[in-house]
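Tertiary structure, described
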Amino acid sequence: MFHLLASKAERIHVCAHRGNSIDRPENTMAAFQRAVDLGCDSLEIDVVLNADGEIVVLHDLTVDRTTNGSGFAEDLTTSEITSLDAGSKFDPKFSGERIPLLKRVLEFACDHGIGIYCETKEYYNTDKLITRLREILEQSGAADRVVAISFDHLQLAAAKKAIPGLRTEGITHSRHVDPANFVVKSGLDAIAVEADRFKREDGKAYHDAGIAVRCHVPRPEILAVFENYGRFPRSIIGGWVSCGALDTLSGDDVGYLAAIAEEFSPF
């Protein structure tokens, strides 16, 4: 089982945001394999439905930004969407990378013993997505590795009700007046917070309520701006890790996160 709390897993988790997406095309098997090679123990992926009602791993509702195709994913069949090139726009050397199905990524997670944070980007056919997700989890045997995540906490509540044992994580870009109470009342198991919205006292409040905390760290070029002006976000983030305020470091650069987790780990 993939434990959300670092205290139970006895390690600080490293989560690859869309895979190791700084040097591989996002949400592809190449990005996922690279992330595992660099030391991640979980992946954050994005999912939508296609025309066949299948769940595909894609951040946008359309395929235009990341592939050589065009149109909405919900208008493309499984055959059509998996034939698109999802690598060349990132770099020609990744020509031939495909949009994977959720089923394939769950197989990969089981093979490598990692967790999956599955972010639902489907806003219009949520009931259909939840039904298909339940089917896939039952068939895959990967339910104990999956955490459903979303900005839409009502959607997560519906998924939790429909899928027995499903763990959920709310994403927020805000600090709440009573952060732990907000999460508990929402029925969530975990919260994902941006690094610039996180305070260690919030981490303590979450943990006191049994809630896991995933902190999303900016891309290297953003961190470099701070460092160029004498700010040292690495040591700040490391301090959160060493004092036990966080359970998971998440971001696009797995190597950077893994190094922090190793250096500052309290375990």
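This section reports on the structure supplied with the text. (Residues numbered from 1 in each chain as written. Predicted model: local features only at pLDDT ≥ 70, side-chain atom pairs only at ≥ 80, totals over all residues. Heavy atoms only, no water.)

A separate point is helix α6 (residues 153-162). Taken together, the buried positions of α6 are His153, Gln155, Leu156 and Ala159. Along the long axis of α6, the arc covered by the buried residues comes to 150°, so they all point the same way. Summarising the geometry of α6, the exposed residues directed more than 90 degrees from the buried face are Leu154 and Lys161. If you follow the buried residues of α6, they end up packed against β4 (115-120), α5 (126-140), β5 (146-150), β6 (167-172) and α7 (179-185). Residue Asp152 occupies the N-cap position of α6, its side-chain oxygen lying 3.1 Å from the main-chain nitrogen of Leu154. (Buried < 20%, exposed > 50% of the residue type's maximum accessible area, 1.4 Å probe, protein only. Helix = DSSP H or I, 4+ residues; strand = E, 2+ residues; numbered from the N terminus. Arc of directions from axis to C-beta. Contact = heavy atoms within 4.5 Å. Polar contact = N/O pair within 3.5 Å; in protein donor to acceptor, adjacent residues only side chain to side chain.)

With that settled, the discussion passes to the environment of Val105. By the secondary structure assignment, Val105 is in helix α4 (residues 102-112). Here Val105 falls in the buried class, since its relative accessible area comes to 0%. Along the primary structure Val105 and Ile222 are separated by 117 residues, whereas in three dimensions their C-alpha atoms are 29 Å apart. Excluding its chain neighbours within four sequence positions, the residues that come into contact with Val105 are Met29, Phe32, Ile45, Val57, Pro100 and Ile116.

Here we come to the pattern of salt bridges. Following the criterion strictly, the structure yields 20 salt bridges and no others. Linking Arg214 and Glu44 is a salt bridge whose minimum nitrogen-to-oxygen distance equals 2.9 Å. One end of the pair, Arg214, is in strand β8 (residues 212-216); the other, Glu44, is in strand β2 (residues 42-49), with 170 residues separating them in the sequence. Side by side, Arg214 and Glu44 carry an identical accessibility label, which is buried. (Salt bridge = Lys/Arg side-chain N within 4 Å of Asp/Glu carboxyl O.)

The next subject is the side chain of Thr66. Checked against the element boundaries, Thr66 lands in the loop between β3 (55-57) and α3 (78-82). Contact partners of Thr66, with chain neighbours within four places excluded, come to Glu26, Leu58, Asp85, Ala86 and Lys89.

To continue, consider the environment of Ser79. Note on placement: Ser79 falls in helix α3. Sequence spacing of Ser79 and Val57 is 22 residues, and the spatial spacing of their C-alpha atoms is 14 Å.

Of note in the backbone geometry, Glu10 takes a positive phi value of approximately 60° without being a glycine. Among the structural elements, Glu10 can be located in the loop between α1 (6-9) and β1 (13-17). Owing to a relative accessible area of 60%, Glu10 belongs among the exposed residues under this scheme. Unusually for a residue other than glycine, Asn27 sits at a positive phi of about 55°. Relative accessible area serves as the criterion here: at 3%, Asn27 is assigned to the buried category.

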